[in-house]
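# Topology and contacts: notes
Here is how the chains run, residue by residue.
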Amino acid sequence: MRKWGGGRGFPHRPSAPGGRRPVPKGGEDGLLRRAVELAVSFLLPVIFLLISVPTGFVLESPGPSFDLQAEIKVEGAEIHPSRGEFLLTSVSLRESNLVYHLLSVVKDDHRLLQARRFLGEDLDVKAQDRLDGMLTLLSQEAASVVALRAATAEVELHELGALVLGVVEGSPAHGKLDPGQVIVSVEGIPVRGSEDLGERIAAAAEGEEVSLGVREVDWEALESGLEREGDLDPEELLTGEVREVSLLPVWEEGLGRRVVGVYTRDYFTHRSPVRVTWEMEAVRGPSAGLMMALSLLNLLLPEDLTRGLKVAGTGEIFPDGRVGPIGGLPMKVRAAEARGAEVFLYPRENQEDLAGVVTGMRLVPVDSLQEALDALSAGAE
């Protein structure tokens, strides 16, 4: 009676002498080659999953840090050398994959953040990049105004309107206004900025629509100007005719006033005999404002504000000298440490973001450019 083995109808093959099975054709090299082929066929799909599958997160890590004074060109005023440095600090953001997810577990200078936190529900990368470019330009304008005023140079601020940063879903403005547009008037009267816009919308009679004058931005001109590091003027970037948009304000309980559902910031330009060109193609967003203002002011004043130190920092700057909050503060602290900074200036409103951060740098919270100047002066005494 014939016996069968293997469980699949294949006859049992006797072992080779000595208990070893016969080596397949090709010998030991064939076995090794087959093993490699099997390993590769298994690893390739795994590697593809690790580096290609989107996760809905972005990876935040320390970005580059460099002396801003070397990135500024000034015409029409005498400039003065500096013994120290004013360091820009930045954050690197990239689309995360599974490999970065693993890195974020073992490295404390890598942090995962939800992509929607930065790009909104539509995850429109192009639109966000455009807005970051415009915020970069407005930050340069604000830094120029603040530094020129502090250096007692002649400068005029020209208020042009309010830049739309976001639109609340379901609000009166939803579907009628888009981020990146500039509101230049209310009922035909020019808007000076975000605060002026909010007050005039709130003052509208209950149940009556308000007519907003809206202009578009020439995004191609903005992008090409930033790339060639030219002297861009926000006023010249406004294109097309004013378009009227009628909206019915609604009551917002949290604010205690009527709103139309837009987030905005001041849109403006300046005029001065002193021409400032910011040669910083890689810098995007408003968070370098404080350090740009300090760097420019240090070039304009005979007194060396650095006192020979490496001073790093971050913070949005406004034309009135106020310093506003930013994101990514812990990573910027690490970026500054890597460049050997001794002092780090940051917005006071970001104080809670430093919980658990340990550093040998002198950390200084500020609310204004003047506070930053006072802190630098006090540190030298």
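Refer to the structure above for everything that follows.
Now for a quick tour of the structure.

How each quantity is defined
- Residues numbered from 1 in each chain as written.
- Predicted model: local features only at pLDDT ≥ 70, side-chain atom pairs only at ≥ 80, totals over all residues.
- Heavy atoms only, no water.
- Helix = DSSP H or I, 4+ residues; strand = E, 2+ residues; numbered from the N terminus.
- Buried < 20%, exposed > 50% of the residue type's maximum accessible area, 1.4 Å probe, protein only.
- Contact = heavy atoms within 4.5 Å.
- Areas by Shrake-Rupley, 256 points an atom, 1.4 Å probe, with all protein chains shown as cover.
- Polar contact = N/O pair within 3.5 Å; in protein donor to acceptor, adjacent residues only side chain to side chain.
- Pairing = 2+ DSSP bridges.
- Axes fitted to C-alpha atoms, helices over the stretch in contact; angles between N-to-C directions.
- Core = buried A, V, L, I, M, F, W, Y, C linked by side-chain atoms within 4.5 Å.

Scanning the protein chain from terminus to terminus reveals ten helices and 20 strands. A burial count over the protein chain gives 42% of its 381 residues as buried. In the protein chain, the proportion of contacts linking residues at least 24 apart, taken out of those at least 6 apart, comes to 75%. Here the protein chain displays about 20,800 Å² of accessible surface, and carbon together with sulfur accounts for 52% of that area.

Here the phi dihedral of Thr 152 falls at roughly 60 degrees; this positive angle occurs in a residue that is not glycine. Within the element layout of this structure, Thr 152 appears in the loop between α4 (125–150) and β7 (156–167). Taking relative accessible area as the criterion, Thr 152 reaches 71% and is therefore assigned exposed. You will see that Arg 307, though not glycine, has its phi angle at about 55 degrees, which is positive.

With respect to the secondary-structure elements, Ser 171 resides in the loop between β7 and β8 (182–186). We classify Ser 171 as buried; its relative accessible area is 14%. Only 3.4 Å separates the side chain of Ser 171 from the backbone oxygen of Val 260, close enough to count as a polar contact. Contact partners of Ser 171, with chain neighbours within four places excluded, come to Val 260 and Gly 261.

So, on to helix α5 (residues 194–202). Within α5, the full set of buried residues consists of Ser 194, Asp 196, Leu 197, Gly 198 and Ile 201. Buried positions along α5 lie against β7, β8, β9 (189–190), β10 (210–217), β13 (257–259) and β14 (262–271).

We now examine the sheet that holds strand β16 (residues 310–313). Spatially, β2-β4-β16-β19-β20 is the arrangement adopted by the five strands of the open sheet, whose pairing is mixed. Of all strands in the sheet, those with a lone pairing partner are β2 (66–67) and β20 (362–366), marking the two edges. In this structure, β16 lies alongside strand β19 (residues 343–347), joined through three bridges in parallel fashion. By the bridge assignment for β19, Ala 312 is matched with Phe 344. Helix α8 (residues 289–300) rests against β4 (85–88), β16, β19 and β20 of the sheet, and its axis sits at about 155 degrees to β4. Strand contacts of helix α9 (residues 329–338): β16 and β19, with the helix running at about 160 degrees to β19, the strand carrying the most contacts.

Now for the environment of Val 262. Its location among the elements puts Val 262 in strand β14. If we ignore the near neighbours within four places in the chain, the residues touching Val 262 are Val 164, Gly 166, Val 167, Ala 173 and Leu 177.

In this structure, Trp 278, Leu 290, Leu 294, Leu 296, Ile 317, Leu 345 and Leu 369 are the most contacted members of the largest nonpolar core, which totals 42 residues. At the level of secondary structure, the elements contributing two or more residues to this core comprise β3 (72–75), β4, α4, β15 (275–278), α8, β19, β20 and α10 (369–379). For this core, the leading source of residues is α8, giving nine residues. Those residues in contact with Leu 345 that lie beyond four places of it in its chain are Leu 290, Leu 294, Val 311, Ala 312, Gly 313, Thr 314, Val 364 and Ala 372.

Just distances and angles here, no functional claims.
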